Amino acid sequence: MIYNFSAGPAVLPKQVLQQAADEMLDWHGSGMSVMEMSHRGKEFSSIINAARDDLRDLLNVPGNYRILFMQGGALAENALIPINLAGRLTGGDLSRATADYVNTGSWSTKSIKEARRYCKVNEAASSAAQHFASIPERATWRLSPDAAYVHLCTNETIDGVEYHFVPDVAAETGGAPLVADMSSHILSRQIDVSQYGVIYAGAQKNIGPAGLTIVIVREGLLGHAAAICPTAFNWKIVADNESMYNTPPTYGIYIAGLVFQWLKRQGGVAAMEQRNIEKAELLYGYLDSTDFYATRIAKDARSRMNVPFFLRDESLNEAFLAGAAKAGLLQLKGHKSVGGMRASIYNAMPLEGVQALVAYLQAFEKSH
Ligand SMILES: *Cc1c(COP(=O)(O)O)cnc(C)c1O
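The structure contained in this document is the topic of the report that follows. Within any chain, residue numbers begin from 1 and follow the written order of that chain's sequence. Residue-level local features of this predicted model are given only where pLDDT is at least 70; pairs of side-chain atoms are given and counted only at 80 or more, and the full residue set underlies all totals for whole chains, interfaces and linings. Derived side-chain values reflect all non-hydrogen atoms in the structure, with water molecules and hydrogen atoms excluded from consideration.

Section: the pattern of salt bridges
Just to be clear on terms, a salt bridge is a Lys or Arg side-chain nitrogen sitting within 4 Å of an Asp or Glu carboxyl oxygen. Evaluation of the coordinates by the stated rule reveals 13 salt bridges. Notably, a salt bridge pairs Asp-54 with Lys-264, separated by 2.8 Å at the nearest N-O pair. Residue Asp-54 is located in helix H2 (residues 42–59), and its partner Lys-264 is located in helix H7 (residues 250–265); the two are separated by 210 residues in the primary sequence. Exposure remark for Lys-264: the relative accessible area of 33% places this residue in the partly exposed category. For Glu-242, the salt bridge goes to Arg-66, with nearest N and O atoms at 3.3 Å. Note that Glu-242 is positioned in the loop between helix H6 (235–240) and H7 and Arg-66 in strand E2 (residues 65–70), a separation of 176 residues in sequence. Residue exposure (1.4 Å probe, protein chains only): buried if accessible area is under 20% of the type maximum, exposed if over 50%, otherwise partly exposed. In this structure Glu-242 comes out as partly exposed when scored by relative accessible area, which is 39%. Beyond isolated ion pairs, a larger network of salt bridges with shared partners links Arg-52, Arg-66 and Glu-242. Every helix listed is a DSSP run of H or I at least four residues long, and every strand listed is a run of E at least two residues long, numbered separately from the N terminus.

Given below as structure tokens:
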């Protein structure tokens, strides 16, 4: 048995991969692979519409929000967010626009750096000085009264920090919408979409193959793009064309749709969240119970999806990883900027995978 703890691209449900294999050459008797279909034909239309509807059901997306299937990943959105939204209060003029960002780790640092190319960025709070081991206390945030939006990365994939609360920022910002990078925990927990203006996520962590990017945006926030916005990345144009202004990533949308159906069969996001809590508690519980391993993240900010941990004796790292691979536990090496180990335990990671990891952690500790 192999368990893949990659941070992304990451493990997908076996049943989904099996179904895609079965349908690879002939989708539903059409005589075509999904890869060979016109994106405007009736077959693919039924695929993209079902995927959109299922995602709307799973996340309870209100009717006044649009779901966009885009390309370019979360990093492209880091530029497209200021380009589409920062000019919201200045008639599209980015030179006078301000956006607030909260810095909680590697990915929000990147978002900030990219946004600075387009508009003024106010870093409202940062945990950099604490090595991103926690989320800055909400009371310490210094928000702008004229912020076009407030950006958060709600799960820091590299640092292993997750928001377990939704900050209320309306009062100090004159009602600025929250914009959240949810790439690595979308669909892992229940959320109230109406508390956000924009939610975005690259698909390759918790949804499907790389190449598909999901954007969920409140309708009232469309139509503020700056003049420099590439047409194919203008959210309003993408929305008006039902994500078909240009050819969307058709195969990625198909696989994402299968994952959405799989999630529904598992009981939806509420059921996934319960399992994810169980998996995270099992792993953190073991890591907390021994001095052989260590974690560095404040307990109230620990990610349920990405669990960085360290061996106290780092000279054993190589042996640890080699033994893990031998036991079928793959891709546990930590990100190079953090070091140590990282176990990503997304929706598609079964409880048995985490049990196998804990058994290995125990066995390695005993033998060293
Ligand atoms: C992986 C990741 C990204 C980068 O996504 P790309 O698809 O490579 O652009 C950005 N933000 C978060 C939180 C991520 O986990």
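Picking up after the structure, the text goes on.
Details of the side chain of Asn-317
Positionally, Asn-317 belongs in helix H9 (residues 317–326). With residues up to four places along the chain from it excluded, the contact list for Asn-317 reads Leu-311, Gly-340 and Met-341. We call two residues in contact when some of their heavy atoms are within 4.5 Å.

Remarks on empty space enclosed by the protein
Every definition here rests on a 1 Å grid over the protein atoms only: cavities are sets of points where a 1.4 Å probe fits but cannot get out, pockets are open sets enclosed by protein on both sides within 12 Å along at least five of seven lines, and lining residues have some atom within 4 Å of a point. Grid points are joined across faces, edges and corners, and a volume is the space filled by probe spheres set on the points. Scanning all chains against the criterion turns up 1 cavity of 30 Å³ or more. Contributing to the lining of the largest cavity are Val-11, Leu-12, Pro-13, Lys-205, Asn-206, Ile-207, Val-259, Trp-262, Tyr-346, Asn-347 and Ala-348. Each residue is assigned to one of three groups, with Ala, Val, Leu, Ile, Met, Phe, Trp, Tyr, Cys and Pro labelled nonpolar, Asp, Glu, Lys and Arg labelled charged, and all others, Gly among them, labelled polar. Of the residues assigned to the lining of the largest cavity, the class counts are 8 nonpolar, 2 polar and 1 charged.

Thoughts on the site of the ligand
Around the ligand, a shell composed of Gly-73, Ala-74, Leu-75, Trp-107, Cys-153, Asn-155, Thr-157, Asp-181, Ser-183, Ser-184, Gln-204 and Lys-205 is seen. Any pair of nitrogen or oxygen atoms within 3.5 Å is treated as a polar contact; in protein, a donor-acceptor pairing is required on top of that, and neighbouring residues in sequence qualify only through side-chain atoms on both sides. Note that an oxygen atom of the ligand is positioned 2.4 Å from one of the side-chain N or O atoms of Thr-157. The separation between a nitrogen atom of the ligand and a polar side-chain atom of Asp-181 is 2.7 Å. Each accessible area is a Shrake-Rupley result for a 1.4 Å probe, and residues are judged covered by the shown protein chains and nothing else. Burial of the ligand by the protein chains amounts to 87% of its free accessible area of 390 Å². Ranked by the residues each element gives to the shell around the ligand, the list is headed by helix H3 (residues 73–85), at 3 residues. Note on terminology: near, applied to a residue and a molecule or strand, indicates that one of the residue's heavy atoms is within 4 Å of it.

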